[in-house]
Amino acid sequence: MWLIALKASWRQTFTLQIRYLFNFLSAIITMSLVFLLMFYGVRAVGAGALDLGGTLDGLFTGYIVWMIVLNGYQDLAFNVATEAQTGTLEQLYLSPVGYKWLAFFSGSLNALISLAMISVITAIMVLTTGQELHLDILSILPVYIGVYIQAYGLGFVLGGLALMFKRIQSFFQVVTFGVIGLFMIPWSKYPWAKYLPFTMGQHLLQEIMMKGMKLTKVQGGHLAVFAVVTVACFVVGWGLFALAEKKAKSMGLLGQY
Amino acid sequence: MPNPRYGDSSCYLEVQGLRKTFIGRKRKVEAIKDISFCVAQGEMIGFLGPNGAGKTTTIKSVLGLVRPDSGTITVDGIDCAGNPREAAKRMAAVLEGARNTYWRLTVWENMQFFAGIHGVCAAKDKEYFEYLLETLRLQDKRNTEVRNLSSGYKQKTAVACALAKKTPLVFLDEPTLGLDVESSYELRAALKRLQSEEQRTIVVSSHDMNVIQDVCNRVIIISNGRVVADDSIDDLLSLFRTRNYKIVVSKNAYMQHPESLVTEISQGFSQADINETPDTVEIAVGFTNPFEIYDLIKTLSDFRVAIESITQEQVDLEKAFLEIVRRENGVCG
């Protein structure tokens, strides 16, 4: 049953991506344009004026992590709101596999689609800015997966809120920009910031992509923090979503919009 | 088939003592006060009730979409609260007021997806999927995106997706809502065929009494969160079968004392409603005693009038339903 459900979920996710191809392409164009505006804007006023991880390198990796986070959490949170709005959410809840797993299945394929999208955008970023990046896939991929899982944890939390309150798109926007704030906290001044979601991922990507460091050469402590934060984000998100599901079922909110 | 009772081995779906109160910011709404019923395997039952009676809340509680405050629900002997995953394997539904399908996917892709997340592989069950498409007359639309279909086809796609899961128990909440007459008849015919060929247990909730009377053998009527009737449609109708008759007699040359016919009937049968024309007399009368009609016929015989027709007023499910709900609400009919 699980394998059939996984296949069905992937097929549906992929087919819908194809049907909404314009949305996919416009996301690539928009994200690339936003980056270029930021990049040339920061360069114009001087990198020192804006502390995005310290340098323009920070802007690069910060933006990549931001895109991963955005894709990760929006995949789930937006899906809950959209499925409730279109009237398919309750049908998904009738599955014996359970909605959380279906969301996870479709999320796993979306992670690959996001990776393809982010790769294209990164290529555009590199080509247009002339920035040199070290593309050690074996080192980048685990960090990408970890950050995506952290984002999925956040997605579960926001998805839970969407289950209960449905229209929380404006809150999504706050979170989207709030995530940028996380990258701006200087570790030197606030050491606890490294334990926050996504920050260690951004640091690791900076080490790998900008400085050419291999993941195996990264400080063990940093890797441990990254792993623990990843697991914690996912477990907390999953748990809070389960609570929200319980509450939504109790209040009869699943089918409402 | 006699109605199954709680604890009967024939009960496939058993709901007992179900209660649910929704607590809002400003007020509490007691959606279900005490609902108990059983449905045997292979039955197609109608689940009726006025708006706000608690039908949808009951159905959603069974399906695990709403958490009831108390009561037990078992499907195929499985406790839905204790083992929701196993119970979910046995149930499918088309829910009222929801799209139930993805409009950017085709009919076939929707069936594939919804069956798939229920563990049914479209590739292995292709023949059955084709049978569903044929039964619901969707063959020509299989590769059409649902957004491009009429509302009748959209609804039939939702039904096909629910049935493609091959679950023994299916809930159809307002399956003919918004359908034109032809689509409604097609869907009803398909449901009857599926039920007779597959022996599925189907619970149909609808405001359209014709649909229920056409496809179901038994109805459960709920009002104000309680079951107020649970019987076969035939038994229910017999309860409300009236002894109201309409008798048409024609005046003729052999008629005795034609001037006193109306007076005689009015005096003898005070409840009679008499309408006289130059050629005929129409008598509408309701009897409490089944033998009173013979007295009226004897009176007519004494006047030597020719009886053209005697018709008994037919009661349908809609009238019976309204009567039951009115009685429950304490409204005179």
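Predicted model only: the values in this text are computed from it and were never measured.

A separate point is the environment of Ile118(A). Residue and element names in this part refer to chain A. When you line up the elements, isoleucine 118 lands in helix α5 (residues 99-129). With relative accessibility at 4%, the residue isoleucine 118 sits in the buried group. Spatially, the C-alpha atoms of isoleucine 118 and isoleucine 68 are 7.5 Å apart, while their sequence positions differ by 50 residues. In this structure isoleucine 118 touches Ile64, Met67, Ile68, Asn71 and Tyr144, once residues within four positions along its chain are discounted.

We now examine the packing of helix α3 (residues 107-116) of chain B against helix α5 (residues 151-164) of chain B. All names here are of chain B. Between α3 and α5, the shortest axis-to-axis distance is 8 Å and the interhelical angle comes to 35°. α3 and α5 meet at a crossing whose hand is right-handed. Judged by residue contacts, Val107, Asn110, Met111, Phe114 and Ala115 of α3 engage Thr157, Ala160, Cys161 and Ala164 from α5. Among the residues making up the contact of α3 with α5, the classes are represented as seven nonpolar, two polar and no charged.

Here the focus is the interface of chain A and chain B. Listed by partner, the interface residues are 33 residues for chain A and 34 residues for chain B. Across the chain A/chain B interface, buried area totals approximately 3000 Å², and carbon plus sulfur atoms make up 60% of it. Linking chain A to chain B there are three salt bridges. Residue Arg19(A) is joined to Glu109(B) by a salt bridge in which the shortest nitrogen-to-oxygen separation is 2.9 Å. For the pair chain A and chain B, the interface holds 15 residue pairs in polar contact (both at pLDDT 80 or more). Mapped onto the side of chain A that touches chain B, the elements with two or more residues apiece are α1 (2-19), α3 (56-86), α4 (89-93) and α9 (220-251) of chain A. Top contributing element to the side of chain A that touches chain B by residue count: α1(A), with ten residues. Partitioning the side of chain A that touches chain B into residue classes produces 15 nonpolar, twelve polar and six charged.

Residues and elements named next belong to chain A. Among the surface-exposed residues, Leu135, Ile137, Leu141, Ile145 and Ile149 lie close enough to one another that they form a single nonpolar patch of about 430 Å² accessible area. Tracing the backbone shows leucine 135 in the loop between α5 and α6 (137-165). By relative accessible area, which is 57% here, leucine 135 ends up exposed.

Turning our attention to the packing of aromatic side chains. Applying the stated criterion to the full structure yields 33 aromatic pairs over all chains. With a centroid separation of 5.8 Å and an interplanar angle of 90°, the aromatic rings of Trp2(A) and Trp101(A) are classed as edge-to-face. Taken together, the positions of Trp2(A) in helix α1 and Trp101(A) in helix α5 put the pair 99 residues apart, joining distant regions of the chain. With relative accessibility at 36%, the residue Trp2(A) sits in the partly exposed group. Accessibility expressed as a relative area gives 33% for Trp101(A), which makes it partly exposed. Ring geometry for Tyr128(B) against Tyr131(B): centres 5.7 Å apart, planes inclined by 35°, an arrangement best described as tilted.

Take the sheet that holds strand β11 (residues 244-250) of chain B next. Residue and element names in this part refer to chain B. Within the open sheet, the four strands sit side by side as β12-β13-β11-β14. Their pairing is antiparallel. Each of the sheet's edge strands pairs with one partner strand only, and the pair in question is β12 (273-276) and β14 (306-312). The mean inter-strand angle of the sheet, taken between neighbouring strand axes irrespective of direction, is 15°. Bridge count for β12 against strand β13 (residues 280-286) is four bridges, and the pairing is antiparallel. If you follow aspartate 273 over to β13, its bridge partner there is alanine 284. Relative to β12, helix α9 (residues 261-268) is tilted by about 170°, and along the sheet it contacts β12 and β13.

With that settled, the discussion passes to the pattern of salt bridges. All names here are of chain B. With the rule as written, the count across this model stands at 26 salt bridges over all chains. Residue glutamate 43 pairs with arginine 218 through a salt bridge whose shortest N-O separation is 2.7 Å. With a gap of 175 residues between them, glutamate 43 in the loop between β2 (28-40) and β3 (44-48) and arginine 218 in strand β9 (residues 218-223) connect regions that are remote in the sequence. Take glutamate 43 and arginine 218: they sit in the same class, and that class is buried. Arginine 193 is the partner of glutamate 134 in a salt bridge, and the nearest nitrogen-oxygen pair spans 3.3 Å.

Turning our eyes to something else, we now look at the domain arrangement of chain B. Along its sequence, chain B is organised into domain 1 (11-90 + 167-239) and domain 2 (242-312). Centre-to-centre separation of domain 1 of chain B and domain 2 of chain B, based on C-alpha positions: 46 Å.

Positionally, Val97(A) belongs in the loop between α4 and α5. Residue classification places Val97(A) among the buried positions, given a relative accessible area of 0%. For the pair Val97(A) and Met1(A), spaced 96 residues apart in sequence, the C-alpha separation works out to 8.0 Å. Among residues more than four places away in sequence, those in contact with Val97(A) are Met1(A), Trp2(A), Ala5(A), Leu102(A), Phe105(A), Arg85(B) and Ile117(B).

On to the packing of α3(B) against helix α4 (residues 126-135) of chain B. Think of two packed helices as two axes; the pair is described by the angle between the axes and how far apart they sit. Residues and elements named next belong to chain B. For the pair α3 and α4, the least separation of the axes is 12 Å and the interaxial angle reads 125°. One way to sum up the angle between α3 and α4 is to call them oblique. Considering the relative orientation of α3 and α4, their crossing is right-handed. Across the interface between the two elements, Val107, Trp108, Met111, Gln112 and Ala115 from α3 touch Lys126, Phe129, Glu130, Leu132 and Leu133 from α4. Among the residues forming the contact of α3 with α4, the class breakdown is seven nonpolar, one polar and two charged.

The next subject is the pairing of β11(B). Along any regular strand, the residues point their side chains to alternate faces of the sheet. All names here are of chain B. Most of β11 sits out of view: five of its seven residues are buried. Here β11 pairs with β13 via seven bridges, running antiparallel. Along β13, the bridge assignment pairs lysine 246 with alanine 284. Pairing of β11 with β14 involves six bridges; the strand directions are antiparallel. Opposite lysine 246, over in β14, you have threonine 311 as the bridge partner.

Moving on: the pairing of β9(B). Residues and elements named next belong to chain B. Burial analysis of β9 places six of its six residues in the buried class, the great majority of the element. Both β3 and β9 contribute to a ladder of four bridges, which runs parallel. Looking across to β9, one finds that leucine 48 is bridged to isoleucine 221. In terms of strand pairing, β9 meets strand β10 (residues 226-232) through six bridges, oriented antiparallel. In the sheet register, isoleucine 221 faces β10, and the bridge partner there is alanine 229. Between the antiparallel neighbours β9 and β10 lie two residues, among them asparagine 224 with a positive phi of about 50°.

Criteria and cut-off values
- Residues numbered from 1 in each chain as written.
- Chains lettered and ligands numbered in written order.
- Predicted model: local features only at pLDDT ≥ 70, side-chain atom pairs only at ≥ 80, totals over all residues.
- Heavy atoms only, no water.
- Helix = DSSP H or I, 4+ residues; strand = E, 2+ residues; numbered from the N terminus.
- Buried < 20%, exposed > 50% of the residue type's maximum accessible area, 1.4 Å probe, protein only.
- Contact = heavy atoms within 4.5 Å.
- Axes fitted to C-alpha atoms, helices over the stretch in contact; angles between N-to-C directions.
- Left-handed = near helix turned anticlockwise from the far one by under 90°.
- Nonpolar A, V, L, I, M, F, W, Y, C, P; charged D, E, K, R; others polar.
- Buried area = accessible area lost by both parts, 1.4 Å probe.
- Salt bridge = Lys/Arg side-chain N within 4 Å of Asp/Glu carboxyl O.
- Polar contact = N/O pair within 3.5 Å; in protein donor to acceptor, adjacent residues only side chain to side chain.
- Patch = residues over 30% accessible without salt bridge, like charges linked within 9 Å, V, L, I, M, F, W, Y side chains within 5 Å.
- Areas by Shrake-Rupley, 256 points an atom, 1.4 Å probe, with all protein chains shown as cover.
- Phe/Tyr/Trp six-rings, centres within 6.5 Å; stacked < 30°, edge-to-face > 60°.
- Pairing = 2+ DSSP bridges.
- Domains from an automatic or database assignment.
- Parallel < 35°, antiparallel > 145°, perpendicular 65-115°, else oblique.

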